[in-house]
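# Fold and geometry: a report
Single-letter residue listing:
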Amino acid sequence: MLRSQVTLKRTLEEIALRVVDPKMTGERRQRQRGAGDRGHWASKTEYLLVVAGHVVGLGNVWRFPYLCYKNGGGAFLVPYGLLVLVCGIPLFLLESSIGQYTKEGFITGWRKICPMAQGIGFGHLVILIYGFGYILVEVWALFYLMFSFRAQLPWASCNNTWNTENCMELQNGLTANQTANQTLWTNISASATEFWERRMLDSSVGIEELGSVRWELVLCLLACWLFCYFSIWKGVKSSGKVVYFTATFPYVMLLILLIRGLTLPGAGEGIYYYLYPNLSLLASLEVWVEAGSQICFSYSLTSGCLIVLGSYNDYNNNCYKDCLWLCLLNSATSFVAGFAVFSVLGFMAHQHGITVDKVVDSGPGLAFIVYPQATATMPLPQFWTVCFFLMLLLLAVDTHFVLVECVVTSVSDLFPRFLRAPGKREIFVFIICLSCFLLQLILVTQGGIYIFQLIDYYGSSRICHYFMALAESVTVAWIFGADRLSNVIEDMSGHRPSVFFTLCWKFIIPVLSLASCILYLIDYKQLRINDWYVYPDWAYVVGWLMTLSSVVMVPLLATGQMCWTSGTFKQRLSVLLRSGGDPVWQSGEPEEAEASVELKSSAMATSAEA
C-alpha cells in the first residue's frame, strides 16, 4: 500500500512538472535536476563493497584479537555474539534502512524522521570530523610500507643513527640468563620500538612541546589526502569504482598472512592464548562493556555513515538481507584476523623463548612494533612486511575516504542548490581536503602523537556512541514508531523484520545504552600514554569539551527548535515530533507541490466521473 502511494505521488508530481507548468524553461528544469541529483550506486556490488570496506577496518585486525585475548579468550565470544544479536544487527539495520528510506544524509535524514531529532545528525557530523584524525594511521602505514622495500629492514637492526645503547635485535633471540633476568628484560629497548618512537615519531616529552614538523610524514599525509580527494571527488561514481580494489585486496593479503602464520613454529601456542576460554571473566561488567564498544567501533554504528551509504540505494533494495550478510562478514573477519595475528605472535614468542603474553600488545603497538618485529625474523621478511602494511594501508584508506564522503554528502544535502550545482562538488571536496591537510599538520609534529591520542580517547569516546545509540533508538522506536519502521523495511525489501527487532529497538538497546553511559562515568579513567605520561589539566578539559561537543548537539538543537517554532508548547511539540511524511519524494519546490495538489484533485475528479 505504501509503495503504491509513493509511486502514484511521484508520477503525479512528474506529470505536474510537465503539464501543469508548461512555461517552465529548459534552464529551470536543468537547475532543479542539478539540485536534486544526488547520484546512486551503479550496482548492488558497489554498495556492498563500500560498506564492507568501511566497516571492516583496523578494529578488526588490531583491536578485536587483543580484546578477545584480554577478556577471556573464547569466552569473550559469548558477550560479543549476544550483543551482536541484540544491539549490533538491529542498529545496523535501523541506520541502513533510514538512509534508504529518506534518501538523505544523516542531518536532513534525521530531520525528516523527526524534526526535533536533527541534533543527532549534527552529533554524527562532529564525531566524523574528529574521526578524520585516523588518517594518521594511514600515514604511519604508508611510511612503514616505503621502508619495507629496503634490503635491510630498519626496525630489524640496531645499526642506525637513532638507536640507543640499550637497543637489542630481538631476531637474534634471548639467552636463558636474559630471559630469567626480568630487570634486564624490562631495560631492553627493542629495535622495532626504537624505530617507532625515535625514527618515525621522534616524539617530544609531551603535548606541551610540539617540536618540529616531520617532513617525511607531511609528504605521506599529502599523499593520503590526494588519494582521498580523487576517490570521492565525483561522489559515488568514483568511490564506487575505487573499492573494487581497496575493499577486496586486504582480504587477499589477510589470507596470505593467515596461511603463513598457521605454518610457523609456535603458532599453536599463540592461538591457544587467543582462544583459551576463561569463563570466570564473564562475571566482569568490563568484559561486556568492552564487547559492546567493539561492536559499535567495528560495525561503524552511531556515526551516521551507514545512513549516508544506504541513502544511495534504490528504494526497493533488500536492506534487510544486506544487513545480515555485512554483519556476518564483519564479525567473521575479526575472528579470522585473530588467527593471523596470534599465530605470528606465537611464532615470535617461540623464537625468543618467552611466553605469548610478553609480546601481546594492542592498537598501534601491535601493528607498528610487535608485528613488524615478528615478520622481520621470517624468511623473505620484506615480502611479509609489504603484505602486512599494504593490507593495513588499504583498510585505513577505505575507512577514511568513506568518512569524508559521508560528511560531504550530508553537508551537500543541507545546501543542495549550491553544492550540487555542476562543478561545485569538486571545489567543495577540494576545500575540505585542503583544510584538513593544513589543520592536521599539527599531528605530524614531534608532539602530534599526544594530540592524536587525546582526540582518539575523547573525541570519539565510548560515551559518545552510547549516547547516540540511546538517542537513535528512542527517536525511531518511540517517536517515528518501531512498527512503522518495520512496515517501511517490509515495503522496501519485501521482508518484514521479526518482532525481535522491535523489542531491541524499543527496550533492549535504550536500556543497555543508558547503562553503558552510567558505567562509563562511574569507571572513567584519565588518559595516560604508556602508563607514565600524564596530560596537563588543560588537556583533560579540552578532551571533555570534545566529548560534550557531539553529545550536547541533541538536547541543544531540540531546545532551539522548541524556541524557534511558533505556537503553544503543545503545538510546537506536536509539530516537532511529527515525521516528514514520505521523505523519499518530498523534495520539490513549493510551486511544484501546489501544482501537484491541483493535479491530484483533477485526477481524483476524473476518476470519480469515470
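From a predicted model like this one, the values you see are computed outputs, not experimental measurements.

Attention shifts here to the nonpolar core. Ranked by internal contacts, the top residues of the largest apolar core, which has 187 residues, are Phe92, Trp140, Trp225, Phe368, Trp505 and Tyr535. Top element by residues in this core is helix H20 (residues 381-414). It accounts for 19 residues. Here Trp225 is in contact with Phe132, Ile135, His400, Val404, Cys433, Cys436, Phe437 and Gln440, once residues within four sequence places are set aside.

So, on to the side chain of Thr377. Within the secondary structure layout, Thr377 lies in the loop between helix H19 (364-375) and H20. A residue is classified by how much of its surface remains accessible, and Thr377, at 16% relative accessible area, is buried. Only 2.7 Å separates the side chain of Thr377 from the backbone oxygen of Ala374, close enough to count as a polar contact.

Applying the stated criterion across every chain yields a total of 1 disulfide. Shown here is the disulfide that connects Cys158 with Cys167, its sulfur atoms set 2.0 Å apart. Across the S-S bond linking Cys158 and Cys167, the dihedral sits near -75°, which makes this disulfide left-handed. Like Cys167, Cys158 is buried. With no disulfide of its own, Cys220 lies 6.7 Å from the sulfur of Cys224, the closest cysteine sulfur. With a relative accessible area of 2%, Cys220 lands in the buried category.

Another point: the environment of Gly81. Counting through the fold element by element, Gly81 comes out in helix H5 (residues 77-102). Since its relative accessible area comes to 25%, Gly81 is described here as partly exposed. A sequence separation of 214 residues divides Gly81 from Ile295, and the C-alpha atoms of the two residues are 9.6 Å apart.

Here we come to helix H24 (residues 462-493). Over its 32 residues, H24 runs only 32 Å from end to end, short of the ideal 46 Å by more than 12%, given 1.5 Å per residue. In H24, a bend of some 90° at Gly481 exceeds every other bend along the element. Backbone geometry just downstream of H24 places Gly494 in the positive-phi region, at approximately 85°.

So, on to empty space enclosed by the protein. Counted according to the given criterion, the structure contains 5 cavities of 30 Å³ or more. By volume, the largest cavity amounts to about 70 Å³. Around the largest cavity, the lining residues are Val56, Gly57, Asn60, Val61, Pro250, Tyr251, Leu254, Thr333, Met391 and Leu395. Of all the secondary-structure elements, those providing two or more residues to the lining of the largest cavity are helix H4 (58-70), helix H14 (249-262) and H20. Ranked by residue count, the leading element in the lining of the largest cavity is H14, at 3 residues. Of the residues belonging to the lining of the largest cavity, the class tally is 7 nonpolar, 3 polar and no charged.

Looking now at the packing of aromatic side chains. Going through the model one piece at a time under the given rule, you end up with 54 aromatic pairs. It is Lys234 that lies over the ring of Trp233; its NZ or CZ is 4.8 Å from the centre. Lys506 extends its terminal NZ or CZ atom over the ring of Trp478, reaching a point 4.6 Å from the ring centre.

Interaxial distance between helix H7 (residues 118-131) and helix H27 (residues 553-564) falls to 7 Å at its minimum, and their mutual angle equals 140°. In this view, H7 runs oblique relative to H27, as classed from their interaxial angle. Of the two possible hands of crossing, H7 and H27 adopt the one that is right-handed. Between H7 and H27, the residues in contact are Gln118, Gly119, Ile120, Phe122, Gly123 and Val126 and Met553, Val554, Leu557 and Gln561, respectively. A per-class count over the contact of H7 with H27 returns 6 nonpolar, 4 polar and no charged.

Below, the discussion takes up the pattern of salt bridges. Here the idea is simple: oppositely charged side chains can pair when their charged atoms come close. On inspection of all chains with the given rule, the structure shows 12 salt bridges. Notably, a salt bridge pairs Arg38 with Asp413, separated by 3.0 Å at the nearest N-O pair. Here Arg38 is found in the loop between helix H2 (26-36) and helix H3 (44-55), whereas its partner Asp413 is found in helix H20, with 375 residues between them in sequence. With respect to burial, Arg38 and Asp413 carry one shared label: buried. Salt-bridge contacts for Glu104 lead to Lys112; the nearest nitrogen and oxygen are separated by 2.8 Å. Of the two residues examined, Glu104 and Lys112, each falls in the buried class. When salt bridges with common partners are traced through the structure, they connect Arg38, Asp413 and Arg420 into a single cluster.

What counts and what doesn't
Residues numbered from 1 in each chain as written. Predicted model: local features only at pLDDT ≥ 70, side-chain atom pairs only at ≥ 80, totals over all residues. Heavy atoms only, no water. Core = buried A, V, L, I, M, F, W, Y, C linked by side-chain atoms within 4.5 Å. Buried < 20%, exposed > 50% of the residue type's maximum accessible area, 1.4 Å probe, protein only. Helix = DSSP H or I, 4+ residues; strand = E, 2+ residues; numbered from the N terminus. Contact = heavy atoms within 4.5 Å. Polar contact = N/O pair within 3.5 Å; in protein donor to acceptor, adjacent residues only side chain to side chain. Disulfide = S-S within 2.5 Å. Expected span 1.5 Å × (residues − 1). Bend = angle between axes of the 7 residues up to and from the residue. 1 Å grid on protein atoms, 1.4 Å probe; cavity = no way out; pocket = protein on both sides within 12 Å on 5 of 7 lines; lining within 4 Å. Points joined across faces, edges and corners; volume = space filled by probe spheres on them. Nonpolar A, V, L, I, M, F, W, Y, C, P; charged D, E, K, R; others polar. Phe/Tyr/Trp six-rings, centres within 6.5 Å; stacked < 30°, edge-to-face > 60°. Lys NZ or Arg CZ within 6 Å of the ring centre and 35° of its normal. Axes fitted to C-alpha atoms, helices over the stretch in contact; angles between N-to-C directions. Parallel < 35°, antiparallel > 145°, perpendicular 65-115°, else oblique. Left-handed = near helix turned anticlockwise from the far one by under 90°. Salt bridge = Lys/Arg side-chain N within 4 Å of Asp/Glu carboxyl O.

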